[in-house]
Number of protein chains: 2
Amino acid sequence: MPEEPSTLRARRRVQTQRTIQAHATRLFRERGYDATTMNDVAEAAGVSPMTVYRHFPTKEDLVLSDQYGELIAERVAASPAGQPLVRRIGGALVAAAAALAGDDAAADRRFLLVRLQLMIATPALRARHLDNQYALQQAILGALEDGDADPDAAFEAQAAASACLAALHTAMVRWAEDDGRTDLPGLVGKALAAVFGDDVAGPAR
Amino acid sequence: MPEEPSTLRARRRVQTQRTIQAHATRLFRERGYDATTMNDVAEAAGVSPMTVYRHFPTKEDLVLSDQYGELIAERVAASPAGQPLVRRIGGALVAAAAALAGDDAAADRRFLLVRLQLMIATPALRARHLDNQYALQQAILGALEDGDADPDAAFEAQAAASACLAALHTAMVRWAEDDGRTDLPGLVGKALAAVFGDDVAGPAR
DNA sequence: CTCCCGTCTGTTAGTGACTACCTGATTGGT
DNA sequence: ACCAATCAGGTAGTCACTAACAGACGGGAG
């Protein structure tokens, strides 16, 4: 829940961003991503093409968003250091998914669903989305704060984190294919269980 | 080891492809990927820009290649159907890596190394490489030939395959960061073991 | 209230990846 | 030797994206 800054300028800024993104996703769904030009988006949003580029540096950024990466990294950092890595990371992923499950997050959930479906269907978006997941993986590893210089442990942490995010991705794809009807935290837990065994998500705390 | 077709035309075609790709990777390493234009590549290879586009539809294709995907899918399909999925897929990945370990594959190995390092360092290439891995994941799932319509089993297979490929990716990144000094099949096995436990790569057969 | 600074927006002119379409040249089989 | 298919090159265009400049507006200082 990002609190809206009270200054008029910042509010208008957020407003135009939302307007542009809303028109963009609508046009992408109606005509297809590749068939929609940045000029189309600008015209539909009632701004100049340059304004679109100022708020979204690339066309792909109109669909992608990393708003949950920070949240996940924080939860990983806050998890108890004694637990196995896959549980620390997996728990954070399930918790982040659960944050989307409430009724008050319905709008965010629907918007994420539309964007996910675009990402899956459009090769360029899919590729950049996967790269974002990779960046999230690095952020998670940074949040673990493993200052130890053991390269073997670092390698295993990389492998564990990448597998956790692969499970998350599998769950999100399935969720999008189901049009969001299935419970997302449950899907994430099931994917993690399918990879690591049923004991990972485990009983809470 | 693709046998070269004996017709003169096909041989020259392969030759120009190799020339273009070699000059491209060299320029990309020397000046950077983004700082090298397609015209630069064409000029260095002694052909017209149009010819470059005929052989490599996008700039990224000058670096990427899916030559091992088919091999991996075949090995998965040939693996015994009774074994657990992660062993079937993981075994195929280790075997594919082992095919690169021989002395006769040294040139292929070095070339793959250079391209991998470019992929890791260049965001656009990294994204498309990850998308290729995702395509490979779908190919592997197709090779499993699980005709059963159980959606739960399909979901678990997706999760398992994605985690296997995440481990492969982790191993390849590490291998590239080590400048290819480490044994690639060993790294793949270690990454799989870190994700699934030490019993997966397990004793041969 | 006014002035000034920083931010937001728009315009223009570019670069570079990529496509569509057409024109010759070369090769492989008849 | 001929014909058809394939391959190289040229031209002109679209589109994503950038750089540089100029005007408009909100927000704080006096």
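Participant: Can you walk me through the overall build of chain A in this structure?
Facilitator: What chain A contains, in helices and strands, is 9 helices and 0 strands. For chain A, the α and β elements follow one another from N to C terminus as α-α-α-α-α-α-α-α-α. The C-alpha radius of gyration of chain A comes to 19 Å, within 12% of the 17 Å expected for a compact globule of 205 residues. Overall, the C-alpha framework of chain A stretches about 55 × 35 × 35 Å when taken along its three principal axes. A separation threshold of at least 6 residues defines the contact pool for chain A, and within that pool the share at least 24 residues apart is 66%. Of the side-chain charges in chain A, 22 are positive and 27 negative, and the distance between the mean point of each set is 9 Å.

Participant: Can you walk me through the packing of helix α1 (residues 8-31) of chain B against helix α2 (residues 38-45) of chain B in this structure?
Facilitator: A pair of packed helices can be characterised by two numbers: the angle between their axes and the separation between those axes. Residue and element names in this part refer to chain B. Following both chains from N to C, one finds α1 and α2 inclined at 125°, their axes separated by 9 Å at the closest point. Relative to α2, the element α1 lies oblique. Judged by the twist between their axes, the crossing of α1 over α2 is right-handed. Two secondary-structure elements touch here, α1 through T19, I20, H23, A24, R26, L27, F28 and R31 and α2 through D40, V41, A44 and A45. In terms of residue class, the contact of α1 with α2 is made up of 7 nonpolar, 2 polar and 3 charged.

Cut-offs and rules
Every chain's residues receive numbers from 1 upward, in the order its sequence appears when written. Each chain gets a letter, beginning with A, and each ligand a number, beginning with 1, in the order they are written. Two thresholds apply to this predicted model, a pLDDT of at least 70 for residue-level local features and 80 or more for giving and counting side-chain atom pairs, whereas whole-chain, interface and lining totals are computed over all residues. Side-chain measures here rest on the full set of heavy atoms in the structure, leaving out hydrogens and waters. Under the DSSP-based scheme used, a helix requires at least four consecutive residues in state H or I and a strand at least two consecutive residues in state E, with every element numbered from the N terminus. For the radius of gyration, the atom set is restricted to C-alpha positions; the globular benchmark scales as 2.2 Å times the number of residues to the power 0.38. Any two residues whose heavy atoms approach within 4.5 Å at even a single point are treated as in contact. Within this scheme the basic residues Lys and Arg register as positive and the acidic residues Asp and Glu register as negative, but His and the chain ends are omitted. The location of each charge is read from NZ of Lys, CZ of Arg, CG of Asp or CD of Glu. A fitted line through C-alpha atoms represents every axis, and for helices the fit uses only the stretch in contact; the resulting angles, taken between N-to-C directions, go from 0 to 180 degrees. Here the angle decides the label: under 35 degrees means roughly parallel, over 145 means roughly antiparallel, 65 to 115 means roughly perpendicular, and every other value means oblique. A crossing counts as left-handed when the near helix is turned anticlockwise from the far one by less than a right angle, and as right-handed when that turn is clockwise. Residues are grouped as follows: Ala, Val, Leu, Ile, Met, Phe, Trp, Tyr, Cys and Pro are nonpolar; Asp, Glu, Lys and Arg are charged; every other residue, Gly included, is polar.

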